[in-house]
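Chain residues, written in single-letter form:
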Amino acid sequence: MDPFMQEAIMEAEKGRSEGGIPIGSVLVKGGRIIGRGHNRRVQDGDPVIHAEIDCLRNAGRIGSYRETTLYSTLMPCFLCAGAVVQFRIPRVVVGESRTFAGARAFMEENGVVIVDLDLPGCRAMMEEFIDKNPVLWNEDIGDL
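Parameters at a glance
Position labels on residues start from 1 in each chain and follow its written sequence. Reporting of local features is limited, given that this is a predicted model, to residues whose pLDDT is at least 70; pairs of side-chain atoms are given and counted only at 80 or more, and all residues count toward the totals for whole chains, interfaces and linings. Excluding hydrogens and water, the side-chain values take into account all heavy atoms of the structure. In this description a helix means any DSSP run of H or I spanning at least four residues, a strand means any run of E spanning at least two, and both kinds are numbered starting from the N terminus. Polar contacts here mean pairs of N or O atoms no more than 3.5 Å apart (in protein, one a potential hydrogen donor and the other a potential acceptor; neighbouring residues in sequence count only if both atoms are side-chain atoms). Contact criterion: two residues are considered in contact whenever any of their non-hydrogen atoms come within 4.5 Å of each other. Two strands form a pair only when DSSP identifies at least two bridges running between them. Lines fitted to the C-alpha atoms define the axes, with helices restricted to the stretch that makes contact. Angles between their N-to-C directions range from 0 to 180 degrees.

Undergrad: Could you give me a rundown of the side chain of Arg123, with the residues and numbers involved?
TA: Inspection of the secondary structure assignment puts Arg123 in helix 6 (residues 120-132). In terms of polar contacts, Arg123 uses its side chain to reach the side chain of Asp118, at 3.0 Å. With residues near it in sequence (within four places) discarded, Arg123 still touches Glu96, Arg98, Thr99 and Asp118.

Undergrad: Describe the sheet that holds strand 1 (residues 24-29), listing the residues and the values that go with them.
TA: Across the sheet, 5 strands lie side by side as 2-1-3-4-5; this open sheet has mixed pairing. Each edge of the sheet is formed by a strand with only one pairing partner; in this case those strands are strand 2 (32-38) and strand 5 (113-116). On average, adjacent strands in this sheet sit at an angle of 20 degrees to one another, irrespective of strand direction. Pairing of strand 1 with strand 3 (residues 68-72), which is carried by 5 bridges, proceeds in the antiparallel orientation. Bridge pairing in strand 3 links Leu27 to Leu70.

Structure below.
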């Protein structure tokens, strides 16, 4: 498995262990991780701390994002896709998009290359969470 996706999965597992939504993300530049994060909406009581946003915040100001790749265990939503497009992150690698289709078309329409690994482990993690926490999941995706 891609080592960077494995790191994103570890972030998702960390979020799950904290009682949050199991989605993780890492930002890679020059073959190394420069930022990592996980969905912290539940833990911080903050509706916009999705995994990708947490990851970008933890990376800090890096100047140009044009040589980066964002890894996420789940297809980014419109909030996170907006950040990808705004900062011109050229490539996003996702663990899966079956449990949530996200904003793939929006990112592709704005020149972002999407690689969907369709990993059974990422899908199983989300399916289990959604099954056990449907209200929390629907809150997260704005579907209440």
